[in-house]
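Spelled out, the chains give:
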Amino acid sequence: MMKKTLRIAALMLAIVMSVAVFAGCRSKQEKQEQQVVGTCAGFDVLYEELRYVTLTYKAMFESTYGKGIWDDPETAETYRKELEETVMAMLCNNYAVLAACAYYMPDISLDNKTIEEAVDLEIEAAREEYGGKDGFAKAMQEMYMTEHFLRFCIGVAELENELMYVLTDDLGIIEDDTAAFEAWLDEGNFVYVQHIFIRNDPGDDPEQNRELAEEVRRMLIQGTDIGEIINGSINEDASNTAPYFMVRDVYTEELESAALSLHEDGAVSRVADSGEGYYVFQRLPYDKSILKGQIPTLLNSWQWAKVEDIVNEYKKDLKVELNEYGLSIDLLAIE
């Protein structure tokens, strides 16, 4: 609280005026954020979501294709089509989840009391994490996010959690028995591996990176310890510090086909193209007790992959139908 009384009237007038101006701007901004730009799966798509997805992917494109690509009108036009297609596809993600939930559990929706209470708890936790209301608001702004849209996203995530339980516990569509899952694993549906990854960074020549991956493969076949390569300058996956179990249907088909083809300890895979770079896998020996201890975690990851498969089936038929306002928006102009 201000304790000095000098010029108090002038200061109060300035505060009132600034609050009024800010409130007016905020009101206008909120009105735009809540405008409907189209529909997807029978749900309204709001401007706040279009803005969030657009700005997020514009930033991602810059990290892939080079900083400043949106500053030059000519360069921006080069990536316009890819940006528009990506944004329209990504906008369908939440609604694919909602469509799947509506089919498998029609009695539970975003306005369900349990879902709303879970969202409130998550929002409160987020406010505390960012140091209170002001810190939370600043973080939302930096992430191109609004609290309203964040609530929507959290609600969708909570519904997807419920969908997992329904598909496993209630309907039995997805396996939930650890013994049955372990028996399935033993049929050749997992492999214990370590990998080297070479990323196609902006400015890289993908063919040169592939050649480097082939050289890594030759080194491993000739007996170089994979740990030496992981800790060297070639490997570009800093998070990959320990061997892991790769389970079928959890990873992409390209990576699985390369890794799961390894039937002997020490065997080295072909170079696998992930789209973002190149992987080389090596099968490693493991203790049965390690696998036993990880069965629940592996099962959970596999179950979530199956949920994703089901949601993706709904997404295949989805499309954002933009209304007149949505069609008038230039994604390159969104700030």
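Here the structure is shown first, and the text comes after it.
Calculation criteria
Residues numbered from 1 in each chain as written. Predicted model: local features only at pLDDT ≥ 70, side-chain atom pairs only at ≥ 80, totals over all residues. Heavy atoms only, no water. Helix = DSSP H or I, 4+ residues; strand = E, 2+ residues; numbered from the N terminus. Expected span 1.5 Å × (residues − 1). Contact = heavy atoms within 4.5 Å. Buried < 20%, exposed > 50% of the residue type's maximum accessible area, 1.4 Å probe, protein only. Arc of directions from axis to C-beta. 1 Å grid on protein atoms, 1.4 Å probe; cavity = no way out; pocket = protein on both sides within 12 Å on 5 of 7 lines; lining within 4 Å. Points joined across faces, edges and corners; volume = space filled by probe spheres on them. Nonpolar A, V, L, I, M, F, W, Y, C, P; charged D, E, K, R; others polar. Phe/Tyr/Trp six-rings, centres within 6.5 Å; stacked < 30°, edge-to-face > 60°. Lys NZ or Arg CZ within 6 Å of the ring centre and 35° of its normal. Pairing = 2+ DSSP bridges. Axes fitted to C-alpha atoms, helices over the stretch in contact; angles between N-to-C directions. Lys, Arg positive; Asp, Glu negative; His and termini not counted. Salt bridge = Lys/Arg side-chain N within 4 Å of Asp/Glu carboxyl O. Polar contact = N/O pair within 3.5 Å; in protein donor to acceptor, adjacent residues only side chain to side chain.

Participant: Sorry, what's going on with helix α4 (residues 92-104) here?
Facilitator: Count 3.6 residues to each turn of an α-helix, and residues three or four apart come out pointing the same way. Compared with an ideal rise of 1.5 Å per residue, which puts 13 residues at 18 Å, α4 spans 18 Å between its outermost C-alpha atoms and is within 8% of the ideal. Next to the buried residues of α4 lie β1 (36-40), β2 (43-46), α2 (47-65), α3 (73-90), α7 (147-170) and α12 (288-315).

Participant: Just checking my understanding: could you explain helix α5 (residues 113-129) for this structure?
Facilitator: With 17 residues, α5 ought to run about 24 Å at 1.5 Å a step, and its terminal C-alpha atoms sit 24 Å apart, in line with that. Regarding α5, the residues found buried are I115, A118, V119, I123 and A126. All buried residues of α5 project into a common sector of 135 degrees when viewed along the axis, lining one side. Exposed and facing more than 90 degrees away from the buried side of α5 are K113, T114, L121 and E128.

Participant: Mind showing me how you'd approach the layout of surface pockets here?
Facilitator: To locate leftover empty space, one rolls a probe as large as a water molecule over the atoms. Of the pockets and cavities examined, the second largest pocket occupies roughly 460 Å³. Lining the second largest pocket are 14 residues; nearest its centre among them are M60, T64, Y65, G275 and E276. Where the lining of the second largest pocket is concerned, the elements lending two or more residues are α2 and α3. Counted by class, the lining of the second largest pocket contains five nonpolar, five polar and four charged residues.

Participant: Would you mind showing me how to read unusual backbone geometry here?
Facilitator: Leaving glycine out, the prevailing phi sign among residues is negative, and the prevailing peptide bond configuration is trans. A positive phi is found at A41, a non-glycine position, where the angle reads about 55 degrees. Counting through the fold element by element, A41 comes out in the loop between β1 and β2.

Participant: Before we go on, may I ask you to explain the environment of T297 in this structure?
Facilitator: Mapped onto the secondary structure, T297 falls in helix α12. Under the relative-accessibility criterion, T297 is labelled exposed at 53%. Separated by 52 residues in the primary sequence, T297 and F245 place their C-alpha atoms 11 Å from one another.

Participant: Can you walk me through the packing of aromatic side chains in this structure?
Facilitator: For any pair of aromatic rings, the description consists of the separation of the ring centres together with the inter-plane angle of the planes. Tallying each qualifying case throughout the model produces 22 aromatic pairs. Here F190 and F245 contribute two aromatic rings whose centre-to-centre distance is 5.8 Å and whose plane-to-plane angle is 55 degrees, an arrangement assigned as tilted. Separated by 55 residues along the polypeptide, F190 in strand β3 (residues 190-199) and F245 in strand β4 (residues 244-247) bring together distant segments of the chain. Summarising the aromatic geometry, the rings of Y244 and Y251 are spaced 6.4 Å apart at their centres and angled 35 degrees between planes, so their arrangement reads as tilted. The structure contains a cluster of three or more aromatic residues connected by ring pairs, namely F43, Y52, Y95, F149 and F152. The ring of W70 is capped by K58, whose NZ or CZ atom sits 5.7 Å from the centre of that ring.

Participant: When you look at the sheet that holds β2 in this model, what are you seeing that I'm missing?
Facilitator: One key point about sheets: their strands pair by backbone hydrogen bonds, in either a parallel or an antiparallel sense. With antiparallel pairing, the three strands of this open sheet are ordered in space as β2-β1-β7. Sheet topology places β2 and β7 (321-322) at the edges, where each strand pairs with a single neighbour. Where α2 meets the sheet, its contacts fall on β1 and β2, and the angle it forms with β2 comes to roughly 55 degrees.

Participant: When you look at the sheet that holds β4 in this model, what are you seeing that I'm missing?
Facilitator: Strand order in the open sheet formed by four strands is β4-β3-β6-β5, with antiparallel pairing between adjacent strands. Looking along the sheet, the strands with just one partner apiece sit at the ends: β4 and β5 (272-273). Here β3 runs beside β4; their pairing, made up of four bridges, is antiparallel. What sits directly across from V191, in β4, is M246.

Participant: How should the side chain of D237 be read in this particular structure?
Facilitator: As for its placement among the helices and strands, D237 is situated in the loop between α10 (226-230) and β4. As a buried residue without a salt bridge, D237 has its nearest oppositely charged side chain in R199, at a separation of 5.8 Å. Within the structure, the side chain of D237 is placed 2.6 Å from the side chain of S239, a separation counted as a polar contact.

Participant: Please explain the side chain of Q303 as it appears in this structure.
Facilitator: Mapped onto the elements of the fold, Q303 is located in helix α12. For Q303, the residues in contact, after removing those within four places along its chain, are M164, T168, I174, E175 and D176.

Participant: Is there a simple way to think about the pairing of β3 in this case?
Facilitator: Most of β3 is tucked away: nine of the ten residues are buried. Judged from the seven bridges that link them, β3 and strand β6 (residues 277-283) form a sheet pairing that is antiparallel. Across the sheet, F197 pairs through a bridge with Y279, a residue of β6.

Participant: I keep staring at the pattern of salt bridges and nothing clicks. Help me out?
Facilitator: Where charged atoms from two side chains of opposite charge approach closely, those side chains can pair. Under the definition given, this model contains 13 salt bridges. Between E254 and R270 there is a salt bridge; the shortest N-O distance is 3.0 Å. Of the two residues, E254 sits in helix α11 (residues 253-259) while R270 sits in the loop between α11 and β5, which places them 16 residues apart along the sequence. Here K316 and E313 are joined by a salt bridge, their closest N and O atoms 3.2 Å apart. Among the charged side chains, a salt-bridge network with shared partners connects D120, E124, R127, E147 and R151.

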